Each structure stands twice: as C-alpha cells, then as structure tokens.
Amino acid sequence: MPWAVGGLRLGRDWVAAPDPVSLRARWAALTAAEGAERERLFRPSRSRTPAAGAAALPGRRSAATARFADEPGPCPDPVRILRAPFDEQWLLPDQRLIDAARPELWRVRDEHQLFAVETPAAPDLLVTAHLPAGRLGRIRPLHRRPGGAEPNLAPGLLPLLGERYGGWATPEDVLCWILAAGRPGPRGYEVPLAADAGRWREGLELGQRLLTVRLRGARGGEPPRLPGGRRPYVRSAVVTWPHEVAYDSESETLGFGGGTVSPVPAGAWEYEVQGVRVLEAWFAARSAHRDPEADGLEALGPAEWPQSWTSELPALITTLALLADLAPERAAFEPGPALSAGELRAAGVLPPPGWARRPASVLDHQEEGPGGQFALL
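Keep in mind that this is a model prediction, so the values were computed, not measured.

Enquirer: What am I meant to see in the overall build of the protein here?
Expert: When helices and strands are counted, the protein shows 10 helices and 15 strands. On C-alpha atoms alone, the protein measures out to a radius of gyration of 22 Å, which is about the 21 Å that the 2.2 N^0.38 rule sets for 377 residues. Of all 377 residues assigned to the protein, the portion counted as buried reaches 46%. Long-range contacts, defined here as pairs at least 24 residues apart, represent 69% of the contacts in the protein between residues at least 6 apart. Looking at the protein as shown, the accessible area adds up to about 17,600 Å², and 52% of this sits on carbon and sulfur atoms.

Enquirer: Can you walk me through the sheet that holds strand 1 (residues 16–17) in this structure?
Expert: Backbone hydrogen bonds hold the strands of a sheet together, and the pairing may be parallel or antiparallel. Strand order in the open sheet formed by four strands is 1-3-2-6, with mixed pairing between adjacent strands. Two strands in the sheet have a free side with no partner beyond their single neighbour: strand 1 and strand 6 (131–132). As paired strands, strand 2 (residues 79–84) and strand 6 are joined by two bridges and run parallel to one another. Among the inter-strand pairings, Leu-82 is bridged to a residue of strand 6, identified as Pro-132.

Enquirer: What should I look at first to understand helix 6 (residues 197–215) in this one?
Expert: Since there are 3.6 residues in each turn of an α-helix, residues three or four apart along the chain are aligned in direction. Given a rise of 1.5 Å per residue, 19 residues ought to cover 27 Å, and the 26 Å separating the end C-alpha atoms of helix 6 matches this to within 8%. Within helix 6, burial applies to Ala-197, Trp-200, Gly-203, Leu-204, Leu-206, Gly-207, Leu-210, Leu-211, Val-213, Arg-214 and Leu-215. Residues of helix 6 that are buried sit in contact with strand 5 (126–128), helix 4 (157–165), helix 5 (171–181) and helix 9 (307–332). Regarding helix 6, its N-cap is Asp-196, as a side-chain oxygen of that residue lies 3.0 Å from the backbone nitrogen of Gly-198 further along. Phi turns positive, to about 55°, at Arg-216, one or two residues after helix 6.

Enquirer: Would you mind showing me how to read the packing of aromatic side chains here?
Expert: The geometry of an aromatic ring pair is captured by two quantities: the separation of the ring centres and the angle between the planes. Under the criterion given, the structure shown has 16 aromatic pairs. The interplanar angle of 50° and the centroid separation of 6.3 Å between the aromatic rings of Phe-256 and Trp-305 together place this pair among those described as tilted. Within this pair, whereas Phe-256 is found in strand 12 (residues 253–256), its partner Trp-305 is found in the loop between helix 8 (278–286) and helix 9, the two being separated by 49 residues in sequence. Each member of the pair, Phe-256 as well as Trp-305, carries the same accessibility label: buried. Grouped by ring-pair contacts, the aromatic residues Trp-241, Phe-256, Trp-282, Phe-283, Trp-305 and Trp-309 constitute a single cluster. The lysine or arginine in question, Arg-286, covers the ring of Trp-309, its NZ or CZ lying 5.7 Å from the ring centre.

Enquirer: Honestly, the sheet that holds strand 4 (residues 115–118) in this entry has me stumped. Any pointers?
Expert: The sheet built from three strands is open, its strands ordered 5-4-7 with antiparallel pairing. At either margin of the open sheet sits one strand with a lone partner, and together these are strand 5 and strand 7 (138–141). Adjacent strand axes in the sheet meet at a mean angle of 25° when their direction is disregarded. Across four bridges, strand 4 lies against strand 7 in antiparallel orientation. Along strand 7, the bridge assignment pairs Glu-118 with Arg-138.

Enquirer: It is not clear to me how the nonpolar core should be interpreted in this structure. Could you clarify?
Expert: The nonpolar side chains of a soluble globular protein tend to be buried, and buried together. Among the nonpolar cores identified, the biggest contains 99 residues, and Phe-86, Leu-91, Leu-97 and Leu-254 are the most heavily contacted of them. In contact with Leu-254, not counting residues within four places along its chain, are Val-245, Ala-246, Tyr-247, Gly-259, Thr-260, Val-261, Val-264, Trp-269, Phe-283 and Ile-317.

Enquirer: Teacher, can you tell me more about helix 2 (residues 35–42) here?
Expert: Of the residues making up helix 2, those classed as buried are Arg-38, Leu-41 and Phe-42. One face of helix 2 carries all of its buried residues, which in axial projection span an arc of 100°. In the core, the buried residues of helix 2 are packed alongside helix 1 (20–32). Of the residues trailing helix 2, Arg-43 is marked for its positive phi of about 60°.

Enquirer: Any chance you could explain the environment of Glu-334 here in plain terms?
Expert: Here Glu-334 is to be found in the loop between helix 9 and helix 10 (341–346). In this structure, the C-alpha to C-alpha distance between Glu-334 and Glu-298, residues 36 residues apart in sequence, is 46 Å.

Enquirer: Can you help me understand the environment of Arg-290 in this one?
Expert: Mapped onto the secondary structure, Arg-290 falls in the loop between helix 8 and helix 9. Between the alpha carbons of Arg-290 and Leu-300 there is a distance of 8.4 Å; along the sequence they are 10 residues apart. Beyond its immediate sequence surroundings of up to four residues, Arg-290 is in contact with Trp-241, His-243 and Ala-303.

Enquirer: Sorry, what's going on with the pattern of salt bridges here?
Expert: If you walk through the whole model with that rule in mind, you get 24 salt bridges. Between Asp-87 and Arg-286 there is a salt bridge whose closest N-O contact spans 2.8 Å. Placement of the pair is Asp-87 in strand 3 (residues 87–91) and Arg-286 in helix 8, with a sequence separation of 199 residues. What makes Arg-286 buried here is its relative accessible area of 0%. For Glu-270, the salt bridge identified is with Arg-277, shortest N-O distance 3.2 Å. With a relative accessible area of 41%, Glu-270 lands in the partly exposed category.

How each quantity is defined
- Here, residues in each chain are numbered from 1, in the same order as that chain's written sequence.
- Where local features are concerned, this predicted model is filtered to residues with pLDDT of at least 70; where side-chain atom pairs are given and counted, the filter is 80 or more; whole-chain, interface and lining totals use all residues.
- Calculated side-chain values reflect all of the structure's heavy atoms, with hydrogen atoms and water omitted.
- Helical segments are the DSSP runs of H or I of at least four residues, strand segments are the runs of E of at least two, and each set is numbered from the N terminus.
- Every radius of gyration here is taken over C-alpha atoms, with the globule rule written as 2.2 Å times N^0.38, N being the number of residues.
- When accessible area is computed with a 1.4 Å probe and restricted to protein chains, residues below 20% of their type maximum are described as buried, those above 50% as exposed, and intermediate ones as partly exposed.
- In what follows, residue pairs with any heavy atoms lying within 4.5 Å of each other are defined as contacts.
- Only the protein chains shown count as covering a residue, and every accessible area follows the Shrake-Rupley method with a 1.4 Å probe.
- Two strands make a pair as long as DSSP finds a minimum of two bridges between them.
- Expected span, for any helix, means 1.5 Å times one less than how many residues it has.
- Polar contact criterion, stated in full: a pair of N or O atoms within 3.5 Å, where within protein one must be able to donate a hydrogen and the other to accept it, and residues adjacent in sequence count only if both atoms are side-chain atoms.
- Note on aromatic pairs: the rings of Phe, Tyr and Trp (six-membered ring only in Trp) are paired at centre separations within 6.5 Å, and the planes decide the class, stacked below 30 degrees, edge-to-face beyond 60, tilted for the rest.
- We call a charge positioned above a ring when the Lys NZ or Arg CZ atom is no farther than 6 Å from the ring centre and deviates by at most 35 degrees from the ring normal.
- Geometry is summarised by axes, namely lines fitted to C-alpha atoms with helices restricted to the contacting stretch, and by angles between N-to-C directions that run from 0 to 180 degrees.
- Only buried residues count toward a nonpolar core. Its members are Ala, Val, Leu, Ile, Met, Phe, Trp, Tyr and Cys residues joined through side-chain atoms within 4.5 Å.
- What the arc describes is the spread of directions from the helix axis to the C-beta atoms.
- The working definition used for a salt bridge is a side-chain nitrogen of Lys or Arg within 4 Å of a carboxyl oxygen of Asp or Glu.

Geometric descriptors of this kind do not, in isolation, establish any biological role.
This is how it looks when you write it as structure tokens:
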C-alpha cells in the first residue's frame, strides 16, 4: 500500500466530540462570541486563526470558505470519525477549524473506502470505514480513487498474486492478508507474502474474520456477535454520571454510574492498545468535558449521560471480546515460505513507482478555495 498520509492534525480538541449535539452547541457559542472572547474560544494556532480563510473540504460543496471572523456561516453537519482506537466520535468538517485536514483523504472518502492505520507501538493495524482523525498514526487508504476504482497497491501485485494462488485477488483480500500476517518491524509494518497458495487461503480466512470484527457492521455488513448465544445487554440504566467504571470478573459485569452491562468477557475488559484499556479510555473521553481543567468550548458537553452512549457499549464490548479471542490464533499464524524480493522485482511489483506513493488526481469538479476563489486547473 504505497500511498500513505499523515494523520489529521486537528489543532484544537473542541472540533471533535463523542456526540454531535455538543459540537453544535460549541459552534453556537463560538459564533455568538465577539472580539477577544471569540479569539480565546477559537484557540488560534500558526495554521488556523479566526482571521484566516481556508478552502472547502472536498465533497462538501456547501462549506463556508470566507474568513471565520467575517462570516462563520451555518454549522456544518458533524461527520463520523475514528478519534482513538475503537472510539468512534464526531467532527465539525470545516477546514477553517482544522490545522491539517488532509483534503486528499476527503476526496477518496466514500462508502467503498477503508482506511488502515499504523498506530505507533501497537502490534495490529486499525482498520476503519470512518476517516481517522487525531493522533493515531499514518493512514493508508485501500483505494486511490472514489468508488473503489483504483487500489492503493503496488502496480502488478494483484496479477502476480492471482497467478501464484490460482485465482483473482482483490484489494480487500490483500488487506485481509495484511491483518493476518503483517507484523511491525524495524522498518515499519512488514508483510511477507506466502509462496504457498494454501497458506494464502488460510491467511485470507483469518484476515476476513479480523476485518469483519473491526468494521463492526460498517458498509452494510452484519455486526459481529459472540458465539454460543452470549450477547452483552444493558441490565440497568445509568442513574448518575459515571465517575468511574468497575468490572466484576465473577459475574462478568461492567458497572458505571449505577448502570450495568453483562456479560462482559474478561478479554474485552483487559483489551489494551498502547498499554491503555480501551474501555477505560472510551469512558474517559466521554467525561473529558467535566474535567475541572477543561476550559472554553471543550467544557461544553452533555449535562446528563446520553442513552446513545450506553447503547454503543454492547457493540464495542463484542468487538473487543472477539478480537481478544482471535489474538492467539493470529499470533500463531505463520505465512510459511515467502515470495522473495527478487521475485517481486522481476514481476515489477518492487519498487513501487513514485506516482503510486502520491495521491491520484480525482477532481471531478472545481473545489472552492479561500474566500470563494477557484483555482485555475
């Protein structure tokens, strides 16, 4: 996957939140403020200030491009993003508010796209159908163009794999193989390609299960379920804001603010990324606006725990539990003898050409620049 893009650099935390209602409230507070107060709430950086204009984000033709200080415009509809490992949140899609919005990713963001994310110090790739935003790592889109028209793969790789394994290989097949066989190495994420067709098929089967779990029902798929009819349920509703989250291993119960969810397998509770329990980080992100040190727009959030957050928990618990169950199988998977670098060079796969490392030209309409200007193409 030669084309990689650095993660979105938001520059100010208030442009993302676990719920879209908070983002609309923050927008209203910002646009209602004037002068020095608006400047303070905005949190200017070298890249973005209220007095600076910015181009419209690709795919959002109604976006405002005038200077925010002059004409904020209406609140843009928040979009779903991956804010942290396994934490789906919301973002205000306005390039005037984001230090580095990575327009090249927005151009290829659609219902066909998947994003692989190399998270530093993590053994596994993150894969999401939502745009990753924040301090997650380098992003590798599966497709270089909208509609899944061109894979972000080294030219010649798919024909070579089809020839070696006796059948046409798809871009998603390669992604599944990466999930099964890829490992972080000293030079980055390393992916040996099996020389044996049988090992390739075994890796695809394991990788497909991993991908299905990670996507959590995105793109119209069936949400994953725990085997044996076990399914996490909300047993009691939250009655007060959760100040902490507790886990009882004997009853497999997660408790928070008087509410409970069970059964919660131990693997879900213990699942960590970069040494942090995912479930604890998920709860902490939803209480960040209540931190005494939270200031300005970041302090605006729900006064009561939203029911929608509790409803999201069973799906997240199921995902983590299934990944924990699959972890030993993935760790034990060996790709066997690999295709050599010489074979890949002879097939024209290595090294990938320079153009494959750059975004494709995908403009199908003029994109509005700062102040309503259009570039001459």
